[in-house]
Structure formats: structure tokens, C-alpha cells
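Descriptive structure summary
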Amino acid sequence: MREAMKLPPPSRSVLQKLSTSMCLLVSLFLVLVKCRGASSESTNLIGLGSYDITGPAADVNMMGYANIEQTTSGIHFRLRARTFIVAEPQGNSVVFVNLDVCMASQLVTIKVIERLKARLILLMNFNLAVLSALHSMSVANHLKYGDLYTEDNVAISGIHTHAGPGGYLQYVVYIITSLGFVQQSFNALVDGIEKSITQAHENLRPGSIFINKGILNQLELLLIVKFAGELLDASINRSPSAYLNNPEEERRNYKYDTDKEMTLMKFVDEEWGPIGSFNWFATHGTSMSRTNSLISGDNKGAAARFMEDWYNTDVMHKGFESQSLIKSGAYKVPRRISNIIPDFHEHRVPLGRLNALNSYLHFVNQIVAIYPDEFESTRIIGERQFEKAMELFQNASEQLKGTVRYRHTYIDFSDLPVQLSEVGESNELVRTCPAAMGFSFAAGTTDGPGAFDFKQGDDEGNAFWKLVGGLLKKPDEKQINCQDPKPILIDTGEMHEPYDWAPSILPIQILQIGQLVILSVPGEFTTMAGRRLRDAVKEVLTSGDKEESDNNVHVVIAGLTNTYSQYVTTFEEYQIQRYEGASTLYGPHTLNAYIQEFNKLASSLISDKPVERGPQPPDLLDDQISLLTPVVMDSTPLSASFGDCKTDIPLDSIFKRGDIVKAMFWSACPRNDLMTEGTFALVEILQSGNNWEPAYDDDDWCLKFKWSRPSKLSARSYATIEWHIPDAAVSGVYRITHFGASKSLFGSVKHFTGSSTAFTVV
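Calculation notes
- Residues numbered from 1 in each chain as written.
- Predicted model: local features only at pLDDT ≥ 70, side-chain atom pairs only at ≥ 80, totals over all residues.
- Heavy atoms only, no water.
- UniProt positions renumbered as here; feature names shortened; annotations may be inferred.
- Helix = DSSP H or I, 4+ residues; strand = E, 2+ residues; numbered from the N terminus.
- Buried < 20%, exposed > 50% of the residue type's maximum accessible area, 1.4 Å probe, protein only.
- Contact = heavy atoms within 4.5 Å.
- Areas by Shrake-Rupley, 256 points an atom, 1.4 Å probe, with all protein chains shown as cover.
- Salt bridge = Lys/Arg side-chain N within 4 Å of Asp/Glu carboxyl O.
- Core = buried A, V, L, I, M, F, W, Y, C linked by side-chain atoms within 4.5 Å.
- Pairing = 2+ DSSP bridges.
- Axes fitted to C-alpha atoms, helices over the stretch in contact; angles between N-to-C directions.
- Parallel < 35°, antiparallel > 145°, perpendicular 65-115°, else oblique.
- Left-handed = near helix turned anticlockwise from the far one by under 90°.

In the annotation of an unreviewed UniProt entry, the protein chain is listed under the name Neutral ceramidase and assigned to Cynara cardunculus var. scolymus. Regarding the protein chain, the UniProt comment filed under Catalytic activity (unreviewed entry) reads as follows: "an N-acylsphing-4-enine + H2O = sphing-4-enine + a fatty acid". Regarding the protein chain, the relevant UniProt record gives this comment under Sequence similarities (unreviewed entry): "Belongs to the neutral ceramidase family."

Now the structure itself:
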């Protein structure tokens, strides 16, 4: 008997939630009934969701560059969890969550799944009575505990921005620079992901999904696969010498040393029309530099916002005219603001509806685009991805038809037997290794160089750093030979104090939606590694169906999904021991291990046979250590109050589009309240009746919220709000408003607000 039957009597708040769940159940039942009678054009239920996951905007080390001095101190634009759900009316469903974070976390995934299962337990308690009245056992089966959203069919993935708060992963090596675990970062993610999935579930409606074919120019037609456009000027390979070590015969099959194709899904509601999109394009989220301290989704988060804004313009509804959002004069963009902002008394006031169209982009291989100014670089690379996505969205015509299926298993990569098959030779059995990082890992990369005297390509190491690494854990001869030619700097897979330093058990997953197959991988694959994995899985999926053309199966890789285990190179690239090879944790045969295990999942999928669940990864939440200093208190000078202007805008100031307006306020630590689905900064415009209406907030590209202290230990702090007046701004009278929350010495938190002097934009 399940524990659900032993739940204590629900509280008033729980009863309210249960009542809501019952209403949602009835709504879903009506949707399912409607879908049964829907036209053949709609084959699935589709639902989209989006929620704020912006973590602490002060004092927390950013995840990605491992630069201990890079801590958050404001917001460039907010981070979001964006979700799509595709479900058969009376069958399987799959969930994909795209996070504006560096990577997924095993611990976050575990806790989200626990919450989803708990939510379904509550739903089950009501659906028995409701479904009895509705006489619909098919719906009961669809919603019963354990059958809807589990680790098997839920994929949680990161876009790889290096400008988000860290401290949310559970393994030691990934939280050293964040001074251990950061509960606020973790909670923001788990809460936001759950709410995003819940939104998508509540939004399930009959609809169709399309893969783009696009209208491509002559050059692109020469380089194209059937369903993907190519983006040629947004990325470069940062380790070309390693790529060149792959067999020449293999390299001749490809024109570029990076993956140039973009793959896009288009979601179309049966009644409302287009409501969303999702696309994959491989580029590194490092347009924002290792010295940046403003929370940002980097170029992929920017591309998503540009796509959302474009969808909300008249241009889309006038035939999808291909115009850039950014190019001045093309059209005016109605501004998108957060769903909710803080109010002086209520702290949260609804403002409007978030755009339904989301652009999801994924990282597959090690490529990066570099421009001199980080904000301009982010805009340029984001805009190029947006423009290609817009083009493919406009012309998407191949409908995804067929079953919705999935497979998931856990694999222990620390000592996995791998069968190598060589043409004309007998099979060779090799093994993966416990995780270890090489010397070139410490050298860093082109977009994030390391410290000291480490250099990429080091396959020997030096005596001094070997001694330092040996003080932590000296690898034995077996590990040294297994990882060869990697010289081991840190033997992370064999270090378990105070708890595990690196993962050994990893999830792998396949999601199928008709012709589209998504490979969920828990790492960063190089270009050639990704190509080999895709080709291998596609061969398995098409080998048993002679009538099915290879071109009708579209295989994409979703990197950084469900957990994180650093890099995966080819065997040949591993020999060069650049950063990626040194960060391929499980030795030279890591890629072959992935191919072997994914082929098993693919075979299980087409044979409709279950797979073993595998060993469960650890839940290390109770073992976590945090050394981050809490907020003690906030203060202001006796002559000022929180929210007062420290540096105001001069009276009767007049600005024009393109100017920068700044105001500085006496503030408090942003960790006191993350302002989730709200804002720390707001630009308001004066309307008739002396009413101030919100125009831009800290989720807008043009508005930056910068927080600072006069000294590290000071209880005083400032908020500088900087508005780059966009071309789309209408003429009028504006003011800048700051929202925050201060903490007293006794621990109480009080919200405040303050506004600048009004000014004019002409």
C-alpha cells in the first residue's frame, strides 16, 4: 500500500489546493473529451509553462567560471524555467524543462520529482470521487500516482549561462567556489521548476507540433539537413587541435568543426494557433565574462527574450515578416514586463500576462563567440540565434506524428564494461574509470583562462601540482593507467569526505515525440562526440524499419540534463588533453560508454521492452555544508531611509532615446527577498489621472539593477538603477522606482520602496 493512503488530515491551505486540483482535474477531463473528437490535425495535448528562477542577486558566487571573486551584485535580466509537455490523449507524456542556469543538478532533479509525486498523491485523493462521477476510468489511469511525471519522462536541462548564482549542485567539486551549498539558489530552482511544470500541466490543450524545414538561401541549401537551418556566424571551436586529431576520413564528412544546425519545434494550439517554440543550437553561454557580476541568461537567455518579444508584436500577425527585433526602425516593440512586481504594502501585484512563445536553446559542443563588450556580445549572439529561430518558426511545416515514448536509466560510470567493436577485428572489452580531472582542467579555456602555470594540452603534469593533488587523494596505479594519457590533478571520483566530490551514477534518457528523438545527456559533448552519439542512436532507431527513411528520424542532443558530469570527448580528442579532454571524467572510453548505453535504450524503445532502472544516485541534501555568511542586518545613515535617493536625477531633466538615465538609492541586501516573479527595479510612465504605470522592469534588456556596498562588511548598501532608453520608448514623463527588503538586527524583514524625481523622454 502506498504512503498516500496514510496522509494526515489536510490543513485549510491544503484543502484550498485540493479544491483547485479537483477543478483542474475536471478541466483536464474536458480537454481529453474534446481531444477525442478533435480533427486529425491535432494528435496530442500540448502545454507550456514559465516561472522565475532568479536566485540571490548578492554575495553568491556565480556558477561556470569557477572564479571565487565573481559574486552576484545585481541583475542584467531575470532567469526563468520554461517547460513544455507533450501528451497522448490517453497515453504517455513527456516533460522538458529548460533552465536559465549553468547546468542541471542531480539534487534539484531528485527534489522536483519528489514534489511532483507528492502533488499527484493529493490529486489522486480527489480524482477517485470525481472520476467516479465522470465514469471515466481512462482518465483515472492517466492521472494515478506514479504514471504521470517521474524521473523517467521528465528532463530538466540548463542553457549553460555562466552568469547565474551557484551553490545548487550536491557534489563538492562544483560548490567549492560558492563556499558550499546555497539554500536560496537551490530553493529558487526547485520552486520555479515545480511551478513551471504545474503551469504547463494546467495549460494542456489539443494541439500540433512541427519541426522546421525553413526557407533557406542557396548557400544554406548546400549545407543543410532536412529539418534544420544553419547559423554560420555565431560560434567558433575553441579546441581545433583536438578536433583535428579525429580521423581525417571522418572529418571529411563535415564542412565545419562546429555544429551549425539549428533545430526548432513549433507548438500550435488547435484553437489559438501558434503558442510556443523550442530550438537547439550549440554555442557556449560565455558572452558575459568572468568578471561580470550581474545575473544574466547570457546569449541564450537573450535569444529567448527576443523571441518572446517578437511574438508579441503586430509583425507576427501580419504574416511573419522577417525583421530583426533589434534593428532600429523596423518596428516598435511593445514592452514585456514581469507578471508581478512588489507593492509597498502587498509586495506582489499582478501586472499582466507573460508571453506564451518561448525560445529554448541548448548547448551541445564546445564553441564560443567572442566580442569586445560583454553586453554587446550577448546581444549580438542572442540576436543571431533569435533571427534564425524566427525564420525557421515562420516556415515550419513538417508535423510530428506518431507515438510519445521515453526510456530512462541510471548507469554507474565509475567502472562500466564497454565493448569496443572494430571492423574486421575481434571485440575488445575496456572499462570506464572513477572520475578524475586532469592538469589541463586547471588551465581553463579561451573564454575562461585558469590561474598559476597550468597549460592546455598537458599530458604529463608537474611534480609540484602532483604533490598538491596527492595531499587530497593520491590515485593508485590502476586509476592512473585507466585515465591515461590524462595526468591526474584531482582524483575526484575516489574522494568522499565530507561527502562525494563527483558523481559516479548518471542518468541517461531518451524522449520521443513522433519523428523527433531527444537524447538527454548529463554533460557537455564536443562537436564530434555529439555527432557520433546521434549517428549511432539513429542507426539503431532506423535499422528495424526498412520503410522508414533515415531522414524522417530527427535526433537531437540535450546537454547538461538532469545532472552534471562535465565533458565528453572522442577517444582521439582525449589524447590531446586540452581542457575538454582533461574534464572528461571517466577516462578515454567515456563516449563509447554513452554510445553503448544509449543504443540499449534505443533498442528498448523500438522493441517496446522495459529497461532496468539501475543504481539510484545519492541524495546528499542532509550532508551539505554552507559557509556563506548570512545577512546580519541592513542600515542607512540617520538622515536617510531605505528607498531614499542617494543620487537623484536632476529636476526637470530631459532625455532622448539612446541616453542613459541613472538613479542611486539607499538599499538593503537583495538576499532578504528574491522578489520572485517581481522586480527590484522599475521604470514607470505617467498616465492620465496622475497614475504611474509600469513600463520596464529588471527582466528587461534595457534596465540594469546594480547593488553594491561601500565595504565588504558594511551593513549599508546602494542600488543603482540604470536605464538605457530604447528606441521603442514612447515620449512622456517617467520615474525610476526601487523595491527592496531590509533586515533588522533582530531578524525581522520589512519591505520598502522609493522613487526618483520625474524626468521627460522626448
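So that's the structure; there's more coming.
Scanning the protein chain from terminus to terminus reveals 17 helices and 38 strands. Each of the 762 residues in the protein chain was classed as buried or not, and the buried ones make up 60%. Taking as baseline every contact in the protein chain between residues at least 6 positions apart, the subset at least 24 positions apart corresponds to 77%. Just so you have it, the protein chain exposes about 30,300 Å², and 53% of that area is on carbon and sulfur atoms.

With that settled, the discussion passes to the pattern of salt bridges. Inspection of every chain in the model, using the stated rule, returns 35 salt bridges. Measuring nitrogen to oxygen at the nearest pair gives 3.3 Å for the salt bridge that ties Asp259 to Arg534. A residue pair is termed long-range when its members are at least 10 positions apart, and Asp259 in the loop between α7 (248-251) and β11 (261-269) and Arg534 in helix α14 (residues 527-543) qualify at 275 residues. By sharing partners, the salt bridges in this structure join Arg82, Asp100, Arg305, Glu308 and Asp699 into a single network.

To continue, consider the nonpolar core. Most often, soluble globular proteins have nonpolar side chains that are buried together. Counting residues in hydrophobic clusters, the biggest one holds 118 residues, and the most contacted among them are Tyr168, Phe598 and Trp723. Here this core gets eight residues from one element, more than from any other, and that element is helix α17 (residues 590-607). The contacts of Trp723, once residues within four sequence positions are left out, are Asp659, Ile660, Val661, Val683, Tyr696, Cys702, Leu703, Ala729, Tyr734, Phe759 and Val761. Among the nonpolar cores identified, the runner-up in size contains 23 residues, and Val86, Val94, Ile209 and Leu511 belong to it.

Attention now goes to the pairing of strand β2 (residues 58-63). Counting buried residues along β2, six of its six residues qualify, which places the element largely inside the surrounding structure. Pairing of β2 with strand β3 (residues 71-75) involves two bridges; the strand directions are antiparallel. Paired with Asn61 across the two strands is Thr71, which belongs to β3. Pairing between β2 and strand β7 (residues 164-165): two bridges, direction antiparallel. Each residue of the ladder has a partner; that of Met62, found in β7, is Pro165.

This brings us to the packing of α14 against α17. How two helices pack is summed up by the angle between their axes together with the distance between the axes. Orientation of α14 relative to α17, taken along the N-to-C sense of each, is 25 degrees, at an axis distance of 9 Å. Judged by the inter-axis angle, α14 sits roughly parallel to α17. Between α14 and α17 lies a crossing whose hand is right-handed. Contacts between α14 and α17 involve Ala529, Arg532, Leu533, Ala536, Val537, Val540 and Leu541 from the former and Leu591, Tyr594, Ile595, Phe598, Asn599, Ala602, Ser603, Leu605 and Ile606 from the latter.

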